[in-house]
Amino acid sequence: MKTEILYGIHPVSEALNAGRRNIYKIYLQKENKSHRLARLASLAEHGGVRVKTIRSAAFKTLVSGGGHQGVAAKVDLYPLTTVSDILAAAEVKGGPHFLLMLDSVLDPQNLGAIIRSALCAGIDGVMMPKDRSAPITPAVSKASAGALEHIYLSRVTNLVQTIQLCKSKGIWVMGLDKDAGQSIYDGDMTGAIAIVLGGEHKGIRPLVKKNCDFLVSIPQLGALDSLNASVAAAVTMYEALRQRQKI
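Since the structure is predicted, the reported quantities are computational estimates derived from the model, not experimental observations.

Turning to the layout of surface pockets, a few remarks are in order. In this structure, the largest pocket encloses a volume near 450 Å³. Contributing to the lining of the largest pocket are 21 residues, with Lys-178, Gly-199, Gly-203, Ser-226 and Leu-227 lying nearest its centre. At the level of secondary structure, the elements contributing two or more residues to the lining of the largest pocket comprise β9 (193–198) and α9 (229–245). Residue composition of the lining of the largest pocket, by class: 7 nonpolar, 8 polar and 6 charged.

Let's shift gears to the packing of helix α1 (residues 9–18) against helix α2 (residues 35–46). Viewed as axis vectors pointing N to C, α1 and α2 meet at an angle of 25°, and their least axial separation amounts to 10 Å. In this view, α1 runs roughly parallel relative to α2, as classed from their interaxial angle. As for how α1 packs across α2, the hand of that crossing is left-handed. Contact residues: Ile-9, His-10, Val-12, Ser-13, Leu-16 and Asn-17 in α1; Arg-36, Leu-37, Leu-40, Leu-43 and Ala-44 in α2. In terms of residue class, the contact of α1 with α2 is built from 7 nonpolar, 3 polar and 1 charged.

Let us look at the confidence of the model for the chain. Predicted confidence across the chain gives a mean pLDDT of 92, with 98% of residues reaching 70 or more. Element-level pLDDT for the chain is lowest in helix α3 (residues 56–62), with a mean of 85, against a maximum mean of 98 in strand β7 (residues 153–156).

The subject of this paragraph is helix α4 (residues 83–93). Within the sequence span of α4, burial applies to Val-83, Ile-86, Leu-87 and Ala-90. Looking straight down α4, one finds its buried side chains confined to an arc of 95°; they lie on one side. Turned more than 90 degrees away from the buried face of α4 sit Glu-91 and Val-92, all of them exposed. If you follow the buried residues of α4, they end up packed against β5 (98–103), β6 (125–129), β7 and α7 (159–168). Looking one or two places after α4, you find Gly-94, whose phi comes out positive at around 90°.

Bringing the sheet that holds strand β1 (residues 3–7) into the picture now. Strand order in the open sheet made by the 4 strands is β1-β4-β2-β3, with mixed pairing throughout. A single partner strand is all that each edge strand has here, and the edge strands are β1 and β3 (51–54). Across the sheet, the mean angle from the axis of one strand to that of its neighbour is 25°, orientation sign disregarded. Packing against the sheet, α1 makes contact with β1, β2 (23–29) and β4 (71–76), and its axis sits at approximately 120° to β1. Sheet strands touched by α2: β2, β3 and β4. Its angle to β2, the strand with the most contacts, is close to 160°.

Moving on, we come to the packing of helix α5 (residues 108–121) against α9. Where α5 contacts α9, the two axes come as close as 9 Å, and the packing angle between them is 10°. Between α5 and α9, the crossing angle belongs to the class labelled roughly parallel. Facing Asn-110, Ala-113, Ile-114, Ser-117, Ala-118, Cys-120 and Ala-121 of α5, the residues of α9 in contact are Ala-229, Ser-230, Ala-233, Ala-234, Met-237, Tyr-238 and Leu-241. Split into classes, the residues belonging to the contact of α5 with α9 amount to 11 nonpolar, 3 polar and no charged.

With respect to the helices and strands, the residue Ser-230 is situated in helix α9. Residue classification places Ser-230 among the buried positions, given a relative accessible area of 12%. Polar contacts involving the side chain of Ser-230 include one to the side chain of Asn-228, which spans 2.4 Å. If near-sequence neighbours (up to four positions away) are discounted, Ser-230 is found in contact with Asn-110, Ala-113 and Ile-114.

Rules used throughout
Residues numbered from 1 in each chain as written. Predicted model: local features only at pLDDT ≥ 70, side-chain atom pairs only at ≥ 80, totals over all residues. Heavy atoms only, no water. 1 Å grid on protein atoms, 1.4 Å probe; cavity = no way out; pocket = protein on both sides within 12 Å on 5 of 7 lines; lining within 4 Å. Points joined across faces, edges and corners; volume = space filled by probe spheres on them. Helix = DSSP H or I, 4+ residues; strand = E, 2+ residues; numbered from the N terminus. Nonpolar A, V, L, I, M, F, W, Y, C, P; charged D, E, K, R; others polar. Axes fitted to C-alpha atoms, helices over the stretch in contact; angles between N-to-C directions. Parallel < 35°, antiparallel > 145°, perpendicular 65-115°, else oblique. Left-handed = near helix turned anticlockwise from the far one by under 90°. Contact = heavy atoms within 4.5 Å. pLDDT = per-residue confidence, 0-100. Buried < 20%, exposed > 50% of the residue type's maximum accessible area, 1.4 Å probe, protein only. Arc of directions from axis to C-beta. Pairing = 2+ DSSP bridges. Polar contact = N/O pair within 3.5 Å; in protein donor to acceptor, adjacent residues only side chain to side chain.

Printed below as a string of structure tokens:
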């Protein structure tokens, strides 16, 4: 079984809370005496997870780079979900489907921020291509403040085929495109919907765009002609949430 090292207080805490990964051991930095780490250690021990304290030098070997906040965990790889399971879970939850599709989001920080907003907005699941996408790594979990540990995420071979599958289930597919004539505030997002967001540089690929049911844009008044991908995703998902809560 392959494992990886998750790091940071929120990712490790949320992995414990979510219970979706096997957690084999938690490492605490000996020189860090914070109350947050003490609470995390208590949570781990209560759940039967071994906790080991190691010195800073060993911690640097364990976790490359910064941002570990004095805690790391040896865990299973992130548990991906199938599209069918995402759709089935949404059916069980009830209400119209609320999905997010990411086309060519390459930056792990952007991906983590998008996932954090998606979880907060109530997205049923995230779908993204296996190729031309940021890998699902501990850095993504850290950037998501641990939201990755709770979200259902599927990596698909062909995003266009996934779009067509969703459409066959009665889900409308809405693409976000800065040149679209219709604003997100005029697009109807109250029913079963999948929001398609493009990557940081070129947006939605032409064939993906062609298969969307309709396109919307975010109104912009400033000198720049585009928003950061994670900001655009958050604005769009929360407009959808606003519309859906008014029903």
